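# Observations on the three-dimensional arrangement
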Amino acid sequence: MAKPINEHTHKVKTVIVPAAGLGTRFLPATKTVPKELLPVVDTPGIELIAEEAAALGASRLAVITSQRKKGVLGYFAADRQLEENLESKGKTTLLDKVRHAQHLIEPVEVIQDEPLGLGHAVGLAEQCLDDDEDAVAVMLPDDLVLPAGVMEKMAAVRNRLGGSVLCAFDVPRDEVSNYGVFDIADSDTGDPAVKKISGMVEKPAAEDAPSTFVAAGRYLLDRQIFTALKQITPGKGGELQLTDAIELLIEQGHPVHIVIHDGRRHDLGNPGGFIRACVDFALAHPAYAKGLRRYLTQRLKQDD
């Protein structure tokens, strides 16, 4: 059992990471390598998620995975032979990098035998929770939300307003059809970046969208989400949708708010988004930034 909830900075003990998907958008690379292990410069996406979870103060990472993706959890295990080799050669910087993930957070494996939707994946993690947990975080590993810190803001909003809190981005109206879009309810939270929602619309036409605030892959959910997940029915493709369970909570009078994040989002599950994330990280990396910026400047001039 993890340490008591009152010893967790933001009263969040468990972060759920759905990672059982096949990564079809990244084939053939993901035929043998889980997409969560593809490196953003030199750090796999799953380690970036673990760092974000640890920064929130969580102590448990419930990784929803499948039998064919054991490597995701294996990444957090020690590799004695590699570590001894690096240590004997005095490669302490590399050794620290290799060991970093092992000490971030406790990973827990949850097997999803069938791909039955995000709602189904989240529901499986209920078995990992302790009795003193009244909220749980969900972080989608495909979504890289920058700069870091949005989950801490969401936790502060939940502490003040209760209920569940979701991360949102404000996008141009002609892009809303790519996302789940929030329907904003009338309320005065006292903070222009925090809004109450009355529902969600999945990938609407631009003219039908209730707002330009769209969902990102960060959720801080009241524990009642597990009750709601048991009450909803499968939708298209026989899958249980997390958004349907959130909609049900709203219908039942459960408060749900969004925090509008002023930053960037990269889709690591899509090659185009992954490339942009690598560029972003490399431009902030002391070893690569100068050379990459010079190269990009010269390369782009060639296309003018």
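Just so we're clear, the structure is a prediction, and the values are computed from it rather than from any experiment. (Residues numbered from 1 in each chain as written. Predicted model: local features only at pLDDT ≥ 70, side-chain atom pairs only at ≥ 80, totals over all residues. Heavy atoms only, no water.)

## Points about the overall build of the protein chain
The condition is simple: In this text, helices come from DSSP runs of H or I with a minimum length of four residues, and strands from runs of E with a minimum of two, each type numbered from the N-terminal end. Whether a residue is buried, partly exposed or exposed follows from its accessible area with a 1.4 Å probe, protein chains only, as a fraction of its type maximum: under 20%, in between, or over 50%, in that order. The contact rule is simple, with two residues in contact once any of their heavy atoms fall within 4.5 Å.
A count of helices and strands for the protein chain gives 10 helices and 13 strands. Taken along the three principal axes of its C-alpha coordinates, the protein chain extends 60 × 55 × 40 Å. Out of the 304 residues in the protein chain, the part that is buried amounts to 48%. Residue pairs in contact within the protein chain that sit at least 24 positions apart in sequence constitute 76% of those at least 6 positions apart.

## Focus: the UniProt feature "domain: Nucleotidyl transferase" (unreviewed entry) in the protein chain
Inclusion rule: UniProt positions are given in the numbering used here, feature names are shortened, and annotations may be inferred rather than shown by experiment.
Per the UniProt annotation, the sites labelled "domain: Nucleotidyl transferase" (unreviewed entry) are residues 16-278. Here residues 16-278 is 30% helix and 26% strand, with 24 Å between the C-alpha atoms at its ends.

## Side note on helix H6 (residues 150-161)
Selection rule: Multiply 1.5 Å by the residue count of a helix minus one, and that product is the helix's expected span. What the arc describes is the spread of directions from the helix axis to the C-beta atoms.
In a regular helix each residue adds 1.5 Å, so 12 residues correspond to 16 Å; H6 covers 16 Å between its end C-alpha atoms and thus fits that length. Turning to H6, its buried residues number three or more, namely Val150, Met151, Met154, Ala155, Val157 and Arg158. Viewed along the axis of H6, the buried residues span an arc of 160°, placing them on a single side of the element.

## Brief notes about the pattern of salt bridges
Just so we agree on the cut-off: In the sections that follow, a salt bridge refers to a side-chain nitrogen of Lys or Arg positioned within 4 Å of a carboxyl oxygen of Asp or Glu.
Applying the stated criterion across every chain yields a total of 19 salt bridges. In this structure, Asp134 engages Arg158 in a salt bridge whose closest nitrogen and oxygen atoms are separated by 3.4 Å. Linking Asp134 in the loop between helix H5 (118-124) and strand S6 (135-139) with Arg158 in helix H6, this pair joins segments that are 24 residues apart in sequence. Given a relative accessible area of 45%, Asp134 falls into the partly exposed group. Sharing partners across several salt bridges, the network here consists of Lys13, Arg60, Asp130, Asp132 and Glu133.

## Focus on the packing of aromatic side chains
Each aromatic ring pair is specified by the distance between its two centres and by the angle formed by the two planes. Put simply, the rule reads: Aromatic rings from Phe, Tyr and Trp, taking only the six-membered ring of Trp, are treated as a pair when their centres fall within 6.5 Å; an angle between ring planes under 30 degrees marks them as stacked, one over 60 as edge-to-face, and anything in between as tilted.
On inspection of all chains with the given rule, the structure shows 2 aromatic pairs. Centroid distance Phe26 to Phe274: 5.4 Å. Interplanar angle 85°. Geometry classified as edge-to-face. Of this pair, Phe26 sits in the loop between strand S1 (14-18) and strand S2 (39-40) while Phe274 sits in helix H9 (residues 271-283); the two residues are 248 residues apart in sequence, bridging distant segments of the chain. Classification of Phe26 as buried rests on a relative accessible area of 13%.

## Quick word on the layout of surface pockets
The cut-off we apply is this: Buriedness of a pocket was judged along seven lines, with at least five required to meet protein on both sides within 12 Å; pockets are open sets of points on a 1 Å grid over the protein atoms alone, cavities are sets where a 1.4 Å probe fits but cannot get out, and lining residues have an atom within 4 Å of a point. Grid points are joined across faces, edges and corners, and a volume is the space filled by probe spheres set on the points. Classes in brief: Ala, Val, Leu, Ile, Met, Phe, Trp, Tyr, Cys and Pro nonpolar; Asp, Glu, Lys and Arg charged; the others, Gly included, polar.
Roughly 1300 Å³ of volume is contained in the largest pocket. Within the residue set of the lining of the largest pocket, elements represented by two or more residues are H5, strand S10 (194-202), strand S11 (213-222), helix H8 (242-251) and strand S13 (264-267). Top contributing element to the lining of the largest pocket by residue count: S11, with 4 residues. Looking at side-chain class alone, the lining of the largest pocket contains 16 nonpolar, 12 polar and 14 charged residues. One number sums up the size of the second largest pocket: a volume of about 270 Å³. Residue lining of the second largest pocket: 15 residues in total, with Asp42, Thr43, Glu47, Glu51 and Lys97 positioned closest to the centre. Those elements that provide at least two residues to the lining of the second largest pocket are strand S3 (43-44), helix H1 (45-56) and helix H4 (92-100). Here the lining of the second largest pocket is built from residues that sort into 8 nonpolar, 3 polar and 4 charged.

## Concerning the side chain of Glu47
We count it as follows: Neither His nor the chain termini are counted; the positive set is Lys and Arg, and the negative set is Asp and Glu.
One can find Glu47 in helix H1. Look at Glu47: it is buried, it has no salt bridge, and the nearest opposite charge is Lys97 at 9.2 Å. With residues up to four places along the chain from it excluded, the contact list for Glu47 reads Tyr75, His100, Ala101 and Leu104.

## Section: unusual backbone geometry
The peptide bond linking Leu27 to Pro28 adopts the cis configuration, its omega dihedral lying at 10°. Its location among the elements puts Pro28 in the loop between S1 and S2. Put simply, Leu146 and Pro147 share a cis peptide bond, and its omega is -10°. Mapped onto the fold, Pro147 is located in the loop between strand S7 (143-146) and H6. Backbone geometry at Val41 places phi at a positive 65°, although glycine is not the residue there. Topologically, Val41 is positioned in the loop between S2 and S3. The phi dihedral of Lys203 is positive, around 50°, even though this residue is not glycine. Looking at the secondary structure, you find Lys203 in the loop between S10 and S11. Residue classification places Lys203 among the exposed residues on the basis of a relative accessible area of 51%.

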